[in-house]
Amino acid sequence: PAAPVTVTVTGAAGQIGYALLFRIASGAMLGPEVPVRLRLLEVPAAARAAEGTVLELMDCAFPLVAGLDVFDDPAKAFDGANVGLLVGARPRGPGMERADLLAANGGIFSVQGRAINDGAAGDFKAVVVGNPANTNALIAASHAPDVPASRFTAMTRLDHDRAVAQLAAKTGAPVSAIRKVAIWGNHSASQYPDITHATVDGGPATDLVDQSWIAGEFIPRVAKRGAEIISVRGGSSAASAANAAIAHMRLWVHGTRAGDWTSMAVPSDGSYGVPEGLVSSFPVTTAAGDYNIVQGLDISVFARGRIDASVAELASERDAVKGLGLV
Ligand code: NDP
């Protein structure tokens, strides 16, 4: 049998955590043969609720679960971690300025970055889900100097999946017929969902839809889908976010399929003019635990403008946390 993988989930008692943990425990993330040791991190006030989730996880009697522990100390929670799902974050409260939000999250992600640096396993990989996810990943990485920055990524797979779903609905094709949708930039309303390179049943997606739909409906619908879910459901998109976090990590570990890619926010190496170090979403291929930014794609004038706008927002977030001494 495979060796157990240690998975640390932060914000484990939250809504996304509740939708995430049972699926990880069932093997949906790492595979049906891989035992998992789950280490749940919560703030002290929510640790008891996390213990309650542990009782339920026990009651599922998942054969793959090789350990279940709750911590309120990041150093303990990340001890020996191979995989981190960094979900817990400080939500924006009433009257809170952006700088306050960045500072509150800076406190959380700097401490977690240090804990990862000191205790995580050599193959540690993280996906940050808690917002502002891209900048939180940047903060964590900058407090983990001994861990390659490339191991700190942020989730844009939900945006990617939303884009696939919208394109499928518009064209009437099944989602399985769609390849090479991409998300660029920040996981925020400034993101650029891109179907320029996408195919539907092997043919160009852009032959099936027109530019006015792309610019006027598709892009805003994908970028603002979180708000749409809140207004219709009366609650945030926790289950689809959890599903996307699982897909992000499953693809990173097991690889993208031939002829396709996924979207991940990763530290830029300067590709496509995105300043080096900014954690920005790109189309990436993955294999055996590594990822590579897809190279050589044509970037139209329209795409350039969208990417530059989202990257400018990332640069301003970075400058704000730099001003706070967090990176
Ligand atoms: P959720 O589980 O619903 O969301 C957690 C984070 O994910 C938020 O930052 C949220 O951002 C973000 N997120 C990213 N994508 C999505 C999406 N598509 N839909 C919804 N959220 C998304 O939050 P809860 O408040 O239910 O739970 C958070 C938990 O984290 C609490 O139990 C809290 O105690 C804990 N926490 C733990 C910390 C730790 O372990 N050290 C630190 C801070 C908090 P957004 O705010 O933009 O919705």
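Rules of the game
- Residues numbered from 1 in each chain as written.
- Predicted model: local features only at pLDDT ≥ 70, side-chain atom pairs only at ≥ 80, totals over all residues.
- Core = buried A, V, L, I, M, F, W, Y, C linked by C-beta atoms within 7 Å.
- Buried ≥ 20, exposed ≤ 12 C-beta atoms within 10 Å, placed from the backbone.
- Helix = DSSP H or I, 4+ residues; strand = E, 2+ residues; numbered from the N terminus.
- Domains from an automatic or database assignment.
- Contact = placed C-beta atoms within 7 Å.
- UniProt positions renumbered as here; feature names shortened; annotations may be inferred.
- Near = placed C-beta within 6 Å.
- Nonpolar A, V, L, I, M, F, W, Y, C, P; charged D, E, K, R; others polar.
- Pairing = 2+ DSSP bridges.
- Right-handed = clockwise from strand over helix to strand, strands pointing away.
- Axes fitted to C-alpha atoms, helices over the stretch in contact; angles between N-to-C directions.
- Parallel < 35°, antiparallel > 145°, perpendicular 65-115°, else oblique.

**Thoughts on the nonpolar core**
If you look at the biggest cluster of nonpolar residues, it comprises 90 residues, and the most contacted ones within it are Leu85, Val127, Val128, Val129, Ala137, Ala140 and Ala245. Per element, the largest residue contribution to this core is 8 residues, and it comes from helix H9 (residues 238-254). Taken together, domain 1 (5-154) and domain 2 (157-317) each give at least three residues to this core, which thus spans both. Apart from residues no more than four positions distant in its own chain, Val128 is found in contact with Leu86, Ala133, Asn136, Ala137, Ala140, Ala154 and Met155.

**With respect to the UniProt feature "binding site: NAD(+)" (unreviewed entry) in the protein chain**
The positions that UniProt labels "binding site: NAD(+)" (unreviewed entry) are, in the present scheme, Gly11, Ala12, Ala13, Gly14, Gln15, Ile16, Gly17, Asn105, Gln112, Val129, Gly130 and Asn131. Among the secondary structure elements, Gly11 is positioned in the loop between strand S1 (5-10) and helix H1 (15-26). Exposure remark for Gly11: the 24 C-beta atoms within 10 Å place this residue in the buried category. With sequence-adjacent residues up to four places away left out, Gly11 is seen in contact with Ile16, Gly17, Glu42, Val87, Gly88, Ala89 and Gly130. Relative to the elements of secondary structure, Gln112 occurs in helix H4 (residues 98-119). Residue Gln112 is classed as buried on the basis of its 28 C-beta neighbours within 10 Å. Residue contacts for Gln112: discarding those within four places in its chain leaves Thr10, Pro74, Leu86 and Ala140.

**Focus: the site of the ligand**
Near the ligand lie 26 residues; those nearest to it are Gly11, Gly14, Ile16, Gly88 and Ala89. The set of elements that each furnish at least two residues to the shell around the ligand consists of H1 and H9. Of the residues forming the shell around the ligand, the biggest block, 3 residues, is contributed by H1. Along the lines of polarity and charge, the residues of the shell around the ligand split into 13 nonpolar, 11 polar and 2 charged. Counting only domains with at least three residues in the shell around the ligand, you end up with domain 1 (5-154) and domain 2 (157-317).

**Comments concerning the UniProt feature "active site" (unreviewed entry) in the protein chain**
Taken from the UniProt record, the annotation "active site" (unreviewed entry) applies to His187. Counting through the fold element by element, His187 comes out in the loop between strand S8 (182-184) and strand S9 (192-194). Residues within four places of His187 in sequence aside, it is in contact with Ala133, Asn134, Ala154, Met155, Thr156, Asp159, Ala265 and Ser281.

**Quick look at the domain arrangement of the protein chain**
Entries for the protein chain in the domain assignment read domain 1 (5-154) and domain 2 (157-317). Centre-to-centre, using C-alpha coordinates, domain 1 lies 23 Å away from domain 2. At the interface, 28 residues of domain 1 touch 24 residues of domain 2. Going through the elements one at a time, H1, strand S4 (83-86), strand S5 (125-128), helix H5 (133-142) and strand S6 (152-154) are the ones with two or more residues in the side of domain 1 that touches domain 2. Per-class residue counts for the side of domain 1 that touches domain 2 are 19 nonpolar, 6 polar and 3 charged.

**Some words on the pairing of S5**
In S5, alternate side chains face the same way, and those of Lys125 and Val127 on one face and Ala126 and Val128 on the other are all buried. Relative to S5, S4 runs parallel, the two being bridged by 4 bridges. Opposite Val83, over in S5, you have Lys125 as the bridge partner. Crossover S4 to S5 through H4 is right-handed. Following the backbone out of S5, through H5 and into the adjacent parallel S6, one traces a crossover that is right-handed.

**Regarding the environment of Asp298**
Relative to the elements of secondary structure, Asp298 occurs in the loop between strand S14 (290-293) and helix H10 (301-323). Through-space distance from the C-alpha of Asp298 to that of Thr196 is 8.9 Å; in sequence the pair is 102 residues apart.

**Overview of the environment of Ala103**
As for its position among the elements, Ala103 is in helix H4. When the C-alpha atoms of Ala103 and Gly325 are compared, they prove to be 9.5 Å apart, with 222 residues separating the residues in sequence.

**A word on the packing of helix H6 (residues 157-171) against H9**
Packing of H6 against H9 leaves a shortest axis separation of 8 Å and a crossing angle of 105°. The orientation of H6 with respect to H9, classified from their angle, is roughly perpendicular. Mapping the contact onto sequence places Arg157, Leu158 and Asp161 in H6 and Ser240, Ala241, Ala244, Ala247 and His248 in H9.

**Re the sheet that holds strand S10 (residues 199-200)**
Spatial strand order, S7-S10-S11: 3 strands in an open sheet with antiparallel pairing. At either end of the open sheet lies a strand with only one pairing partner, and these are strand S7 (178-179) and strand S11 (203-204). Relative to S10, S7 runs antiparallel, the two sharing 2 bridges. Looking at S10, one finds that Ile178 is bridged to Val200.

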